[in-house]
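# Structural description and commentary
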Amino acid sequence: MGTEQQYIDAIGRMAVVPTILDATARLTGMRFTAVARVTDTSWTACAVRDEIAFGLKPGDELELVSTICNEIRQHGRPVIFGSASAHEHFRHHHTPRQYGFESYVSIPIFRADGSFFGTLCAIDPEVAKLDDPVLLQTLELFAKLVGTQLDAQDLDAQRLAALAAAADARELLEWENQRITALLNEREQVERVITRELNDTRRLRDVAARLVGADGGSMLFGEILEAAIEILGGNAGTIQLLDEQTGTLTFLASRGFSPEVTAHFAVVDASSGSPCGRALAAGQRTFVRFDDPDDPDLDGSNRLHLDDGVRRAQSTPLLSRSGRPIGMFSTHWAEPRELSEHELRFLDLLGRQAADLIERNQVHDALLARERELQEEARRKDEFIAVLAHELRNPLAPIRSGIEVLKRANGDVKLIERVRPMMERQIAQVVHLIDDLLDVSRIRSGKVQLKREWVSLRSLVESALEAHRHQIVAGGIDLVVDLDDPERQLDVDPTRLSQVISNVLHNAVKFTATDGRITIRAAVEPAATGAGWEQVLRITDSGVGIAAEMLPHIFDLFTQARSDSSRHGGMGIGLALSRSLMALHDGSIEASSRGAGHGSEFVIRLPVGTPASVAPAPARDDDDADLAGLRVLVVDDNQDAADGVAMLLTMCGGEVRVAYDATRIVDDVRAFAPGLVLLDIGLPGIDGYQACRHVREEIGHGVHIVALTGWGQEEDQRRATAAGFDAHLTKPVDLTSLARVASTAALKSERPVGSSA
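What you see is a predicted model, and the numbers here were worked out from it, not measured in a lab. (Residues numbered from 1 in each chain as written. Predicted model: local features only at pLDDT ≥ 70, side-chain atom pairs only at ≥ 80, totals over all residues. Heavy atoms only, no water.)

Moving on, we come to the overall build of the chain. Helices and strands together make up the secondary structure of the chain, namely 22 helices and 24 strands. The burial tally for the chain puts 44% of its 757 residues in the buried class. A sequence separation of at least 24 residues applies to 64% of the contacts in the chain between residues at least 6 apart. If you sum the accessible surface of the chain, you get close to 38,100 Å²; carbon and sulfur atoms cover 51% of it. (Helix = DSSP H or I, 4+ residues; strand = E, 2+ residues; numbered from the N terminus. Buried < 20%, exposed > 50% of the residue type's maximum accessible area, 1.4 Å probe, protein only. Contact = heavy atoms within 4.5 Å. Areas by Shrake-Rupley, 256 points an atom, 1.4 Å probe, with all protein chains shown as cover.)

Following the criterion strictly, the structure yields eight aromatic pairs and no others. Look at Y7 and F117: their rings are 5.1 Å apart centre to centre, the planes differ by 75°, and that puts the pair in the edge-to-face class. Of the two residues, Y7 is situated in helix α1 (residues 3-12) and F117 in strand β6 (residues 116-124); the sequence distance between them amounts to 110 residues. The exposure class of F117 is buried, given its relative accessible area of 1%. (Phe/Tyr/Trp six-rings, centres within 6.5 Å; stacked < 30°, edge-to-face > 60°.)

The next point concerns the sheet that holds strand β24 (residues 727-730). Pairing is parallel in the open sheet, where five strands are placed in the order β21-β20-β22-β23-β24. Unpaired on one side and paired on the other, β21 (655-659) and β24 mark the two borders of the sheet. Neighbour-to-neighbour, the strand axes of this sheet turn through a mean angle of 20°, independent of strand direction. (Pairing = 2+ DSSP bridges. Axes fitted to C-alpha atoms, helices over the stretch in contact; angles between N-to-C directions.)

Throughout the structure, instances matching the rule amount to five cavities of 30 Å³ or more. The space that makes up the largest cavity amounts to roughly 160 Å³. Lining the largest cavity are 15 residues, with W43, L62, T67, Y104 and I123 sitting closest to its centre. Secondary structure elements with two or more residues in the lining of the largest cavity: α4 (94-99) and β6. Classifying every residue of the lining of the largest cavity by side-chain character gives 13 nonpolar, two polar and no charged. Taken as a whole, the second largest cavity encloses approximately 140 Å³ of empty space. Those elements that provide at least two residues to the lining of the second largest cavity are β7 (236-243), α8 (259-264), α9 (275-282) and β12 (325-333). Across the lining of the second largest cavity, the residue classes break down as seven nonpolar, eight polar and no charged. (1 Å grid on protein atoms, 1.4 Å probe; cavity = no way out; pocket = protein on both sides within 12 Å on 5 of 7 lines; lining within 4 Å. Points joined across faces, edges and corners; volume = space filled by probe spheres on them. Nonpolar A, V, L, I, M, F, W, Y, C, P; charged D, E, K, R; others polar.)

Let's shift gears to the layout of surface pockets. Approximately 730 Å³ is the volume found for the second largest pocket. D113, R324, E359, Q362 and V363 are the residues nearest the centre of the second largest pocket, which is lined by 25 residues in total. Contributions of two or more residues to the lining of the second largest pocket are made by α5 (133-182), β7 and α11 (341-407). With seven residues, α11 is the largest single contributor of residues to the lining of the second largest pocket. The residue inventory of the lining of the second largest pocket, partitioned by class, reads eight nonpolar, six polar and 11 charged.

Once that is clear, we can look at the nonpolar core. Residues I501, L505, L537, I539, I589, F602 and I604 are the most contacted members of the largest nonpolar core, which totals 34 residues. Among the elements of the structure, α13 (457-466), β15 (489-492), α15 (494-510), β16 (517-526), β17 (533-541), α17 (574-584) and β19 (600-607) are those that each provide at least two residues to this core. If one sorts the elements of this core by residue count, α15 sits on top with seven residues. When neighbours within four sequence positions are excluded, I539 is seen to be in contact with I501, V504, L505, I518, T519, I520, S600, E601, F602 and I604. (Core = buried A, V, L, I, M, F, W, Y, C linked by side-chain atoms within 4.5 Å.)

Moving on, we get to helix α7 (residues 219-232). Look at α7: 20 Å from first C-alpha to last across 14 residues, which is about the 20 Å you get at 1.5 Å a residue. With 10 of its 14 residues buried, α7 lies for the most part within the structure. Buried residues of α7: L220, F221, G222, I224, L225, A227, A228, I229, I231 and L232, and no others. Of the residues trailing α7, G233 is marked for its positive phi of about 65°. (Expected span 1.5 Å × (residues − 1).)

Per the counting criterion, the structure on display carries 34 salt bridges. One salt bridge in this structure joins R285 and D348, with 2.3 Å as the shortest N-O distance. In this pair, R285 sits in the loop between α9 and β10 (286-289) while D348 sits in helix α11, placing the two residues 63 residues apart along the sequence. Overall, R285 belongs to the partly exposed group, its relative accessible area being 23%. By relative accessible area, which is 41% here, D348 ends up partly exposed. In this structure, R664 and D667 form a salt bridge, with 3.7 Å as the shortest nitrogen-oxygen distance. (Salt bridge = Lys/Arg side-chain N within 4 Å of Asp/Glu carboxyl O.)

A few words on the environment of I52. On the secondary structure map, I52 appears in the loop between β2 (42-50) and β3 (61-63). Here the alpha-carbon distance between I52 and D124, two residues 72 residues apart in the chain, equals 7.8 Å. Among residues more than four places away in sequence, those in contact with I52 are R31, F32, I123, D124 and P125.

Read from one edge of the open sheet, five strands run β14-β16-β17-β19-β18, paired in mixed fashion. Strand pairing shows two members of the sheet lacking a second neighbour, β14 (478-483) and β18 (588-592), which therefore form its edges. Sheet twist, expressed as the average angle between the axes of neighbouring strands with direction ignored, equals 15°. For β17 and β19, the ladder comprises eight bridges, and the chain directions are antiparallel. The residue bridging L537 from the neighbouring strand is I604, located in β19.

In this section: the pairing of β6. Within β6, nine of the nine residues are buried, which leaves the element mostly enclosed by the surrounding structure. Two elements, strand β1 (residues 32-38) and β6, share six bridges in a ladder whose sense is antiparallel. From the neighbouring strand, A36 faces β6, where its bridge partner is T119. Taken together, the eight bridges between strand β5 (residues 103-110) and β6 define a ladder with antiparallel strand orientation.

Now for the side chain of T44. Looking at where T44 falls in the secondary structure, it is placed in strand β2. Residue T44 is classed as buried on the basis of its relative accessible area of 2%. T44 has contacts with E4, I8, V35, A36, R37, G59, D60 and E61, leaving out every residue within four places of it along the chain.

Note that R719 resides in helix α21 (residues 714-723). Counting along the chain gives 30 residues from R719 to Y689, while the straight-line C-alpha distance between them is 7.8 Å.

Next comes the structure, spelled out in structure tokens:
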């Protein structure tokens, strides 16, 4: 049976695979799903769910060059897109056109040893919505589950190999019985041979039976070693495990050595001059005489063995079923001796048993670790979803209450002015939460680029303090700010670094009780690397502190490490985001605490440089928006959102018209002649990208078109620019941003709408 057919059969035996394919289809809405084996030449279907008559069944192959899976095999990352025709890379790729699909999903499947097996994939001729990060996490869990099941089947194969070893032992017993029969004429010698060889064979059979049985565990290494010493007439021996990462050998079992020698060889460099080191380097069984005067004793191993009463040893490399070195099997004698063919065969069989046991334990440990990893991922996902729901409900509750108050305000200006700031704060909290989540995603995918400039230490700290002064004063907290040189210039992204300081201050304020103290101190200190200097910012609070066992996890995503985090809530995003931002600045952030109730200290470190020149900060324009005379067309299928923006722009003097879809956008622009079009992306019929292209093709660039959408990733902004948008605003948008794009549109609208200038 060919290797690929074995994989098809292995996937076919997995009861969970049809469930995974069905779940993938339901979650993505895609009607062809499959598990495929991918090699460097071909794509082979192992399991298929086909509702679009794509025509592939298990065992069918495609040339790898005609698929996208070749890219996945090379870079090992998922490829997902909901629309090939709208994707920057895959709109020109030959594969979607060749096979007639629009949406595509392919998740790599890896084995426990890190090798690439194939993909969990799905296609559909229709556009699909696939940009939910939870969907990607779920599909990756499905792919991990397939890989885990493959590894589990390998474990079963190891057990079958152990059964085969037992069969080898039985075959050897039959062979020995035939040999004994031939020696019956030499009765006394035959009796001795029979007694010994039967005992040896029985010992080998018993160990093989233990390997197959349920009680086969680490203690079996000792039994295998004792059997080898007895069968070979040895005085001592070891079985060692090879750590490929460190290049060292450690004992799995040791017999017959003094405590001093055992301790000395407890951890051995695999490249040493010891018998096991020599055999591993040679890749074959090696015999060593410790009293050989011509053998240089470079590391003192020979003398140590001689002092312990050992003169000769053999070391045999233990190999996995794939031929990978995984350990060493050594036996030692007090007197020189040669091993017979019969003894060498027994040694090989025992070595095979030891190697199978090591490999089985490694697979078992890998499966347990993978199971714990999957359980932890599932727990953290469930916890994240629950906390996210809680954190979103918190600000939504006062917003909803504020709306009810406004409905009943009856023009009461004082009441409205009391409610409005509260609603603005809560909306800002929702936006901040979503922005933090997006920032984490961008940083992890390497899409965040710092916008560095030279700014003063004072401006960074004051910018971070702005958002917290009210809570500090209201909470009766004593704030101490001690900056060694407030005007020191730092080469940073001021927005991002202020965000880091603000995140730390947010926690300090949240976890510090009334009459507590928060101290911010800055000083220049020698860099931890010993080269250059660092700007060090220490933020200390007298709050609830951090338990010692939680300190190593304080910067992990979604971790709530404070002693009363359940009371204060929070997503556990801010500090994880801060650590990533500091890494982008070539800096660091650390936390320390003497424990619960003793406060905490966060230390932010930044490299110190010398600015060539410092450009003045741009002046802020706080004037109210004046849109008098500007015509604005608002296109959004969310009627409340569209009407809300229209009312706001009308109050600022604009002349506004609203459309709830973009099917007639070209006619609307020609009839209304707007200077500004605020266009949503996710529209029914034709989306915002298509609508913008139609306007550009039919009318030109005389009208200013701005994307006003909930899609705010860098990829969304890039697609908007490519479609012909002049600007991109992410919902919920503030009046200042609207005023800025309106001002630009007002200048542009002085040209005729039909102009292409």
